[in-house]
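Fold and geometry: a report
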Amino acid sequence: MLRLRIQLTDWPRRALILTDTPRPDCPRCEGAGGVAYDYGDHNGEYAGTEWDPCTCWNETHRWVLMPLPRRPRWLRRRYDGRDPWGPGSYSDEPPF
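These remarks concern the structure in this document. (Residues numbered from 1 in each chain as written. Predicted model: local features only at pLDDT ≥ 70, side-chain atom pairs only at ≥ 80, totals over all residues. Heavy atoms only, no water.)

Some points on unusual backbone geometry
- Here the bond from Trp11 into Pro12 is cis, since omega is -5°, no more than 30 degrees from zero.
- Among the structural elements, Pro12 can be located in the loop between strand E1 (4-9) and strand E2 (15-20).
- Of note, Glu30 is a non-glycine position whose phi angle comes to about 60°, a positive value.
- The class for Glu30 is exposed, based on a relative accessible area of 68%. (Helix = DSSP H or I, 4+ residues; strand = E, 2+ residues; numbered from the N terminus. Buried < 20%, exposed > 50% of the residue type's maximum accessible area, 1.4 Å probe, protein only.)

A closer look at the pattern of salt bridges
- The tally for this structure, following the rule as stated, stands at 2 salt bridges.
- The salt bridge partner of Asp10 is Arg14, with a shortest N-O separation of 3.5 Å.
- For Asp10, a relative accessible area of 54% translates into the label exposed.
- Overall, Arg14 belongs to the partly exposed group, its relative accessible area being 40%.
- Arg23 serves as the salt-bridge partner of Asp25, at 3.1 Å between the closest nitrogen and oxygen. (Salt bridge = Lys/Arg side-chain N within 4 Å of Asp/Glu carboxyl O.)

Okay, structure coming up:
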């Protein structure tokens, strides 16, 4: 049985998609959709995390409901360096 939800995706293009979700009462993954486990390299140091998807769902079941339009180029905001509140800037003045 499918348990569907709506999601927003950005790749390959912005769209609303309908996707399957993991079974919330699954005894294997406890509703997380899979099991994550850490592994190490030959020295025993942390090397990453592996993800084993559970059989209670299929993460490739997804259907595009509606592609979302792109903004016209003239509406896209770009930081030109002149705005004091641009990306990465902050103020050291008190808020009053």
